[in-house]
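Tertiary structure, described
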Amino acid sequence: MLGARIAALRRQSGMSQQQLAAYLDVSSSAVGMYEQGRREPSAILLVQMAQLFGVSTDYLLTGCATQLQDISHLHHVVQDAQEKLGAELLLRGPDGTARAPTDADLAAFLAALLA
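Residues numbered from 1 in each chain as written. Predicted model: local features only at pLDDT ≥ 70, side-chain atom pairs only at ≥ 80, totals over all residues. Heavy atoms only, no water.

Assigned secondary structure in the protein consists of seven helices and two strands. Along the protein, helices (α) and strands (β) appear in the sequence α-α-α-α-α-α-β-β-α when read from the amino end. A buried classification covers 33% of the 115 residues belonging to the protein. Summed over all atoms, the accessible surface of the protein reaches about 6,800 Å², with 55% contributed by carbon and sulfur. (Helix = DSSP H or I, 4+ residues; strand = E, 2+ residues; numbered from the N terminus. Buried < 20%, exposed > 50% of the residue type's maximum accessible area, 1.4 Å probe, protein only. Areas by Shrake-Rupley, 256 points an atom, 1.4 Å probe, with all protein chains shown as cover.)

Counting 21 residues, the largest nonpolar core has Ile-6, Leu-9, Leu-20, Met-49, Phe-53, Val-55 and Leu-60 as the members making the most contacts within it. Per-element accounting of this core gives the leading share, five residues, to helix 4 (residues 43–53). (Core = buried A, V, L, I, M, F, W, Y, C linked by side-chain atoms within 4.5 Å.)

Attention now goes to the pattern of salt bridges. On inspection of all chains with the given rule, the structure shows one salt bridge. Note that Glu-35 and Arg-10 form a salt bridge whose closest N and O atoms lie 2.5 Å from each other. With Glu-35 in helix 3 (residues 28–36) and Arg-10 in helix 1 (residues 2–12), this residue pair connects regions lying 25 residues apart in the sequence. (Salt bridge = Lys/Arg side-chain N within 4 Å of Asp/Glu carboxyl O.)

Within the secondary structure, Ser-56 is located in the loop between helix 4 and helix 5 (57–62). In this structure the side chain of Ser-56 is engaged in a polar contact, spanning 3.0 Å, whose partner is the backbone nitrogen of Tyr-59. (Polar contact = N/O pair within 3.5 Å; in protein donor to acceptor, adjacent residues only side chain to side chain.)

To continue, consider the environment of Val-26. Mapped onto the elements, Val-26 comes out in the loop between helix 2 (17–24) and helix 3. For Val-26, a relative accessible area of 24% translates into the label partly exposed. Contact partners of Val-26, with chain neighbours within four places excluded, come to Ala-21, Val-31, Tyr-34 and Leu-45. (Contact = heavy atoms within 4.5 Å.)

As a further point, take the packing of helix 2 against helix 3. Close contact between helix 2 and helix 3 brings their axes to 8 Å; oriented N to C, the two are set at 105°. Taken together, the axes of helix 2 and helix 3 lie roughly perpendicular to each other. Here helix 2 contributes Gln-17, Gln-18, Leu-20 and Ala-21 to the contact with helix 3, which in turn contributes Ser-28, Val-31, Gly-32 and Glu-35. Grouping the amino acids of the contact of helix 2 with helix 3 by side-chain chemistry returns three nonpolar, four polar and one charged. (Axes fitted to C-alpha atoms, helices over the stretch in contact; angles between N-to-C directions. Parallel < 35°, antiparallel > 145°, perpendicular 65-115°, else oblique. Nonpolar A, V, L, I, M, F, W, Y, C, P; charged D, E, K, R; others polar.)

We now examine helix 1. Those residues of helix 1 not exposed but buried are Leu-2, Gly-3, Arg-5, Ile-6, Ala-7, Leu-9 and Arg-10. At the C-terminal side of helix 1, Gly-14 shows a positive phi close to 75°.

Positive phi, close to 60°, is recorded for Asp-25, a residue that is not glycine. Mapping Asp-25 onto the fold places it in the loop between helix 2 and helix 3. Its relative accessible area of 70% is what places Asp-25 among the exposed residues.

So, in structure tokens, the structure goes:
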């Protein structure tokens, strides 16, 4: 969902709704409505947000990490989560062996999480 991705990227960047609103030259209530899914940003604002957050517009709209900067963002999200939890993210295969997630695993996980 677009609104959830905007909110997550904003938080990840350490920005408040007011700061994002000032950057986009819109009201903070508009940013709140984007994040709640009650209103959709224009194409121009989507491009501005993608540039600000270092992701593609495809990632903003679909949640699919298709470009290198999207994958890089996913790695930052995982690193932050691991630091906060004090644990490493590992995936277990059917045979019980653990492995670090691949870029494709991270993209699929985030897309499912934000859908």
